[in-house]
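Structural description and commentary
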Amino acid sequence: MKTKEILEVVKEIPLDRIMLETDCPYCEISKSHASHKFIKTEFKGKEKKKYEKVEDPSVLVKGRNEPCKIIQVAETVAALKEMDMHELTQIAFQNSVKVFSK
């Protein structure tokens, strides 16, 4: 969700088609992205060598998108749709169940 144009597309997606994902491990929502202004949840990050062990699991590798950052995607989509984030995530979950269940 880098550009304003992409955010306009997200606004138009019908709720029964919404699914959320993070593009992990790439493409985190950075300060240069149009969607950054909607983020409420921030994560601590640190520079790290590729295979360095991180002692504090709450500290993420700076610049890497992690699955826990799905909350930032949800915050952004909920703001764009002008709806409660909990309601949005419930809808997205049900859509995922429909797609991936037999």
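Our structure's up above, just so we're on the same page.
About the criteria used
Residues numbered from 1 in each chain as written. Predicted model: local features only at pLDDT ≥ 70, side-chain atom pairs only at ≥ 80, totals over all residues. Heavy atoms only, no water. 1 Å grid on protein atoms, 1.4 Å probe; cavity = no way out; pocket = protein on both sides within 12 Å on 5 of 7 lines; lining within 4 Å. Points joined across faces, edges and corners; volume = space filled by probe spheres on them. Nonpolar A, V, L, I, M, F, W, Y, C, P; charged D, E, K, R; others polar. Helix = DSSP H or I, 4+ residues; strand = E, 2+ residues; numbered from the N terminus. Buried < 20%, exposed > 50% of the residue type's maximum accessible area, 1.4 Å probe, protein only. Contact = heavy atoms within 4.5 Å. Core = buried A, V, L, I, M, F, W, Y, C linked by side-chain atoms within 4.5 Å. Axes fitted to C-alpha atoms, helices over the stretch in contact; angles between N-to-C directions. Parallel < 35°, antiparallel > 145°, perpendicular 65-115°, else oblique. Expected span 1.5 Å × (residues − 1).

**Considerations on the layout of surface pockets**
By volume, the largest pocket is sized at about 330 Å³. Around the largest pocket, the lining is made up of 18 residues, and of these Met-1, Val-10, Glu-21, Asp-23 and Val-73 lie nearest the centre. Of the pockets and cavities examined, the second largest pocket occupies roughly 290 Å³. Every residue lining the second largest pocket is counted, 17 residues in all, and those nearest its centre are Glu-28, Ile-29, Glu-42, Phe-43 and Lys-69. Its residues assigned to classes, the lining of the second largest pocket shows five nonpolar, five polar and seven charged.

**Observations concerning the environment of Ile-13**
Here Ile-13 lies in the loop between helix H1 (4–12) and strand E1 (44–46). Under the relative-accessibility criterion, Ile-13 is labelled partly exposed at 29%. With 68 residues separating them along the chain, Ile-13 and Lys-81 place their C-alpha atoms 9.2 Å apart. Other than its neighbours up to four places away in sequence, Ile-13 contacts Ile-18 and Lys-81.

**Comments concerning the nonpolar core**
Of all hydrophobic cores here, the largest spans 13 residues; its most connected members are Ile-18, Val-77 and Leu-88. Within the residue set of this core, elements represented by two or more residues are H1, helix H2 (70–81) and helix H3 (85–100). Those residues within four positions of Val-77 in sequence are excluded, and the remaining contacts are Met-1, Val-10, Ile-18, Leu-20 and Leu-88.

**Structural notes on the packing of H1 against H2**
Between H1 and H2, the least distance of the axes is 9 Å, while the angle of their chain directions is 70 degrees. The orientation of H1 with respect to H2, classified from their angle, is roughly perpendicular. Where H1 approaches H2, its residues Leu-7, Val-10, Lys-11 and Glu-12 are matched on the opposing element by Thr-76, Val-77, Leu-80 and Lys-81. Looking at the contact of H1 with H2 residue by residue, the class counts come to four nonpolar, one polar and three charged.

**Here we look at the packing of H2 against H3**
Axis separation between H2 and H3 bottoms out at 9 Å; the angle between their running directions is 110 degrees. Taken together, H2 and H3 sit at an angle that is classed as roughly perpendicular. Note on element contacts: H3 touches H2 through Met-85, Leu-88 and Thr-89, opposite Ile-71, Ala-74, Glu-75, Val-77 and Ala-78. Considered class by class, the residues forming the contact of H2 with H3 number six nonpolar, one polar and one charged.

**A closer look at H2**
End to end, H2 covers 16 Å across twelve residues, agreeing with the expected 16 Å (1.5 Å per residue, within 8%). Most of H2 is tucked away, with nine of its twelve residues classed as buried. For H2, the set of buried residues is Gln-72, Val-73, Ala-74, Glu-75, Thr-76, Val-77, Ala-78, Leu-80 and Lys-81. Contacts from the buried residues of H2 go to H1 and H3. Taken from the residues just after H2, Glu-82 is the one with a positive phi, measuring 55 degrees.

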